[in-house]
Amino acid sequence: MEELQDASIHHMTAKVIAAIKNTKCYEPIYEELQRLVASPSVDKNDMRNTLEDAIKAAGLETEIRNMIYNLVRSRLEKLDVTETRQTSKATQSDPLGYLKRAGVLWDRRVRKSLNAMCGELKVPLHGQPRISADREDFVAKWNELSNYNMDLSNYRPVYAPKDLLEVLLSLKGPARTSENTEYVNNRIKYICTLNYILDKRNSIFHSQIPQWEFSHIALPVKNLFELRTHYADLLRSDHYSVPDLNVQCQRILDSRHAPMCQQYLKKGCTPAPYRGALWASVLDSKLHDYVSSKLQSLIRSVTYNLSLKDIEYWQKLRNTVWTTDHIVDKLVFKDIQLTASNDDQYFVFEDVLYQVLLCFSRDTDIASCVEYESFPVKGKTYEGPPSGVVPFHGICMFAAPFCYLYDSPVCLYYTFRAFYIRYCHRLTTINTHPQGIVSLCLLFEKLLQTYEPQLWSHFRELQIQPLRVVFKWLMRGFSGHLPPDQLLVLWDLILGFDSLEILPLFAIIILSFRKESIMQVASLDSIEAILADLSSIKVLPLVQLALSRD
């Protein structure tokens, strides 16, 4: 047993070392270590101990710990998923093959729609250089792009949440087979005879009941007991005053230790002035470049200690937007005008959202970080935008809440990008990830059937799919539906527990909270009207209530 454990540790260590060498931080950290080794503070006769002391004194120990922490959470997790998929390909049949195939076809459909739009409007998919006058106008209005004139009458969102929902509701699992075909045939004959005898009205009624449950999808999801275990920290009755919380936050940020920042977010009561720094630390969106202390202090005051390389990369993305006219620019403008600009909570951030999402559309690093489903499907493949993300109706609402955290669009961009790569893309693609949109829909249905059977029966009697009521909440992570202060608390919990499973759980408790009103109406429009206003909803007490129920 000890040999197996040692082999496992050795295997993980090798994976961590290989992953570290592929990070952008590796070279500056390695150079700094070389400098420390050559410094007088390291004694060659006691190399190990004196080098460890020098590393701690230089603050490198925390940087290395944070690097390993984020690698284990993201890149190594991604490698494990890839290895699992390669193993599953070796098997004769993959029970989730149909779902992976649906994910590939959905991505192809979205890209095909974008290519078709380019063909209709006779614009190149890869963009074209801006003419001189347009470029000068664009650069001059960069900080007030809401005043930039653009004809968007012929542009429309490539897809909306309802389009993805229809695809999810149409998913069909593999047909179940039986070894005893004679028994199956006899059962079919028996069922056909019963159907013939049944009253005509009842047979028509039953035939009209929609077959829309996700129970046929073989994805593992947690039950309420497992969710209660995962979110156990929320059920602790720790009471702190505001000054105490502020002091704790400051100490944690001073330690610069990402796991401590994540643990603090689990409280669900993060002081607003510290939230941006905590999120940046947990998401590893601020990288240190070991420049001179004078320059580092200047960067800290402006951009939360972003490295010079990060700032230069942002400027590169911005310059690409300035010089190249791309179809996604119009889609970004269209989406912001349809959503954030019409939202009382976010319209004031319109100009910042233009900057962030335009740069986001040019960022090729995103395409290499986001993991898409792979499955052998015949047919033509289609190219997408540089980032690999095709703008859809409501994409700007993933970025809008970050406007409350950062004054600098650079800081906003890097934290939003990290949040999108780790969480948001799973909500907009068909995938087999345990926290993908399919798993979240399945978790929602199972929780509703188990803990709100009356509501479930009510929806079935009305022939209304419950997912039609809550899907827009799930796909947007409640952005644009909850007030910003409560939405940020909900996203605190997503980051703190590193899980999107809080979304279906929260959707269930909202339905429970308004159950009495829902039971009194008989149409989808009436139910949506009851759930339209969530301004009175408080996230933390409702989530605690959901977890503590029997």
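Only a predicted model underlies this, so the values are computations on that prediction, with no experimental measurement involved.

Describing the overall build of the chain
So, step 1. A count of helices and strands for the chain gives 29 helices and 2 strands.
So, step 2. When burial is assessed residue by residue, the chain has 49% of its 550 residues classed as buried.
So, step 3. Considering only contacts within the chain whose residues lie at least 6 apart along the sequence, 78% involve residues at least 24 apart.
So, step 4. By element, 53% of the accessible surface of the chain is carried by carbon and sulfur atoms, the whole surface being about 28000 Å².

Some details on the nonpolar core
So, step 1. Residues Phe416, Phe478, Leu503 and Phe506 are the most contacted members of the largest nonpolar core, which totals 147 residues.
So, step 2. The element contributing the most residues to this core is helix α21 (residues 409–422), with 10 residues.
So, step 3. Setting aside anything within four residues of it in sequence, one finds Phe478 in contact with Trp473, Leu487, Leu490, Leu503, Phe506, Ala507, Ile510 and Leu534.
So, step 4. In terms of nonpolar packing, the next biggest core, distinct from the first, is built from 7 residues, Val16, Ile20, Ile29 and Met67 among them.

So, empty space enclosed by the protein
So, step 1. This structure, assessed with the given rule, holds 6 cavities of 30 Å³ or more.
So, step 2. When its volume is computed, the largest cavity comes out at roughly 140 Å³.
So, step 3. Considered class by class, the residues forming the lining of the largest cavity number 8 nonpolar, 3 polar and 1 charged.

Some remarks on the pattern of salt bridges
It is possible for side chains bearing opposite charge to pair when their charged atoms get close.
So, step 1. Counted by the stated rule, this structure contains 17 salt bridges.
So, step 2. Between Arg130 and Asp134 there is a salt bridge, with its nearest N and O atoms 3.3 Å apart.
So, step 3. With relative accessibility at 19%, the residue Asp134 sits in the buried group.
So, step 4. A salt bridge links Glu452 to Lys515; the nearest nitrogen and oxygen atoms lie 3.2 Å apart. Here Glu452 is found in the loop between α22 (437–451) and α23 (453–461), whereas its partner Lys515 is found in helix α27 (residues 515–518), with 63 residues between them in sequence.

Description of the packing of aromatic side chains
So, step 1. Per the counting criterion, the structure on display carries 27 aromatic pairs.
So, step 2. Relative to Phe506, the ring of Phe478 lies with its centre 5.1 Å away and its plane at 65°, an arrangement referred to as edge-to-face. On the criterion of sequence distance, the pair formed by Phe478 in the loop between α24 (466–476) and α25 (484–497) and Phe506 in helix α26 (residues 502–513) is long-range, its members being 28 residues apart.
So, step 3. Owing to a relative accessible area of 0%, Phe478 belongs among the buried residues under this scheme.
So, step 4. One residue, Arg130, lies across the ring of Phe138, its end atom 4.1 Å from the ring centre.

Some details on the packing of helix α2 (residues 26–37) against helix α3 (residues 47–57)
So, step 1. Interhelical geometry of α2 versus α3 gives an angle of 125° and a closest axis separation of 10 Å. It follows that α2 is oblique to α3 by the angle criterion. Note on packing geometry: the crossing formed by α2 with α3 is right-handed. Counting all contacts with α2, which are made through Leu33, Leu36 and Val37, the residues of α3 involved are Met47, Leu51, Ala54 and Ile55.

Topic: the packing of α2 against helix α4 (residues 60–73)
So, step 1. The contact between α2 and α4 brings their axes to 12 Å, and the two run at 150°. The pairing of α2 with α4 is recorded here as roughly antiparallel in orientation. Relative to α4, α2 is oriented so that their crossing is left-handed. Between α2 and α4, the contacting residues are Ile29, Glu32, Leu33 and Leu36 on the first element and Leu60, Ile64 and Met67 on the second.
So, step 2. The residue inventory of the contact of α2 with α4, partitioned by class, reads 6 nonpolar, no polar and 1 charged.

Comments concerning the environment of Ile421
So, step 1. Inspection of the secondary structure puts Ile421 in helix α21.
So, step 2. Between the alpha carbons of Ile421 and Leu283 there is a distance of 10.0 Å; along the sequence they are 138 residues apart.
So, step 3. Setting aside its immediate chain neighbours within four residues, Ile421 contacts Ile366, Cys369 and Val370.

Some words on the side chain of Gln435
So, step 1. You can see Gln435 is positioned in the loop between α21 and α22.
So, step 2. Judged by its relative accessible area of 12%, Gln435 falls in the buried class.
So, step 3. Within polar-contact distance, the side chain of Gln435 engages the backbone oxygen of Asp498 at 3.4 Å.
So, step 4. Reaching out from Gln435, the side chain makes a polar contact with the backbone nitrogen of Leu500 at a distance of 2.5 Å.
So, step 5. Setting aside residues no more than four positions away along its own chain, Gln435 makes contact with Arg426, Leu440, Asp498, Ser499, Leu500 and Glu501.

Focus on the environment of Leu338
So, step 1. Take Leu338: it is sitting in helix α17 (residues 327–338).
So, step 2. Overall, Leu338 belongs to the partly exposed group, its relative accessible area being 40%.
So, step 3. Linking Leu338 and Gly394, residues 56 residues apart in sequence, is a C-alpha distance of 8.3 Å.
So, step 4. Once residues lying within four places of it in the same chain are set aside, the contact partners of Leu338 are Pro157 and His393.

Thoughts on unusual backbone geometry
So, step 1. Notably, Lys122 is not glycine yet its phi reads approximately 55°, a positive angle.
So, step 2. Tracing the backbone shows Lys122 in the loop between α6 (97–121) and β1 (128–129).
So, step 3. Backbone geometry at Asp284 places phi at a positive 55°, although glycine is not the residue there.
So, step 4. Structurally, Asp284 is set in the loop between α14 (272–283) and α15 (293–303).

Quick look at the confidence of the model for the chain
So, step 1. Residues of the chain with pLDDT of at least 70 account for 82%, and the chain-wide mean is 83.
So, step 2. Every residue in residues 81–92 scores below 50 in pLDDT, and together they form 10 contacts with partners more than four places removed in sequence or on other chains.
So, step 3. Contacts of residues 176–185 to residues separated by more than four positions or lying in other chains number 1 contact, the stretch itself having pLDDT below 50.

Examining the side chain of Asp325
So, step 1. Relative to the elements of secondary structure, Asp325 occurs in strand β2 (residues 324–325).
So, step 2. Judged by relative accessible area, Asp325 falls into the buried class, the value being 17%.
So, step 3. One polar contact links Asp325 to Lys330, side chain to side chain, over a distance of 2.6 Å.
So, step 4. With near-sequence residues (within four places) excluded, Asp325 lies in contact with Gly127, Gln128, Arg130 and Lys330.

Conventions used here
- Per chain, residue numbering runs from 1 following the sequence as it is written.
- In keeping with the model being predicted, local features are shown solely for residues with a pLDDT of at least 70 and side-chain atom pairs are shown and tallied solely at 80 or more, while totals for entire chains, interfaces and linings include all residues.
- With hydrogens and water excluded, all non-hydrogen atoms of the structure serve as input to the side-chain values.
- Think of it this way: any DSSP run of H or I at least four residues long counts as a helix, any run of E at least two long counts as a strand, and we number them from the N terminus.
- Each residue is assigned to one of three classes by its accessible area relative to the maximum for its type, calculated with a 1.4 Å probe on protein chains only: buried under 20%, partly exposed between the two thresholds, exposed over 50%.
- Whether two residues touch is decided by their heavy atoms; if any such pair falls within 4.5 Å, the residues are in contact.
- Working definition of accessibility: Shrake-Rupley area with a 1.4 Å probe, residue cover restricted to the visible protein chains.
- In plain words, nonpolar cores are sets of buried Ala, Val, Leu, Ile, Met, Phe, Trp, Tyr and Cys residues tied together by side-chain atoms within 4.5 Å.
- Only protein atoms enter the 1 Å grid, on which a cavity is a set of points fitting a 1.4 Å probe that cannot get out and a pocket is an open set with protein on both sides within 12 Å along at least 5 of 7 lines, lining residues being those with an atom within 4 Å of a point.
- Grid points are joined across faces, edges and corners, and a volume is the space filled by probe spheres set on the points.
- Think of it as three bins: nonpolar holds Ala, Val, Leu, Ile, Met, Phe, Trp, Tyr, Cys and Pro, charged holds Asp, Glu, Lys and Arg, and polar takes everything else, Gly as well.
- The working definition used for a salt bridge is a side-chain nitrogen of Lys or Arg within 4 Å of a carboxyl oxygen of Asp or Glu.
- Each Phe, Tyr or Trp ring (for Trp, its six-membered ring) is paired with any other whose centre lies within 6.5 Å, and the angle between the two planes then decides the class: stacked below 30 degrees, edge-to-face above 60, tilted in between.
- Comment: the charge-over-ring label is applied if NZ (Lys) or CZ (Arg) is within 6 Å of the ring centre and within 35 degrees of the ring normal.
- In this description, a line fitted to the C-alpha atoms serves as the axis of each element, helices being fitted only across the stretch in contact, and the angle between N-to-C directions of two axes falls anywhere from 0 to 180 degrees.
- An angle below 35 degrees is treated as roughly parallel, one above 145 as roughly antiparallel, one from 65 to 115 as roughly perpendicular, and anything else as oblique.
- A clockwise turn of the near helix away from the far one marks a right-handed crossing, whereas an anticlockwise turn of less than a right angle marks a left-handed crossing.
- Within 3.5 Å is the distance limit for a polar contact, defined as a pair of N or O atoms, with the added protein rule that one can donate a hydrogen and the other accept it, and that residues adjacent in sequence qualify only through two side-chain atoms.
- The predictor rates its confidence in each residue with pLDDT, a number between 0 and 100.

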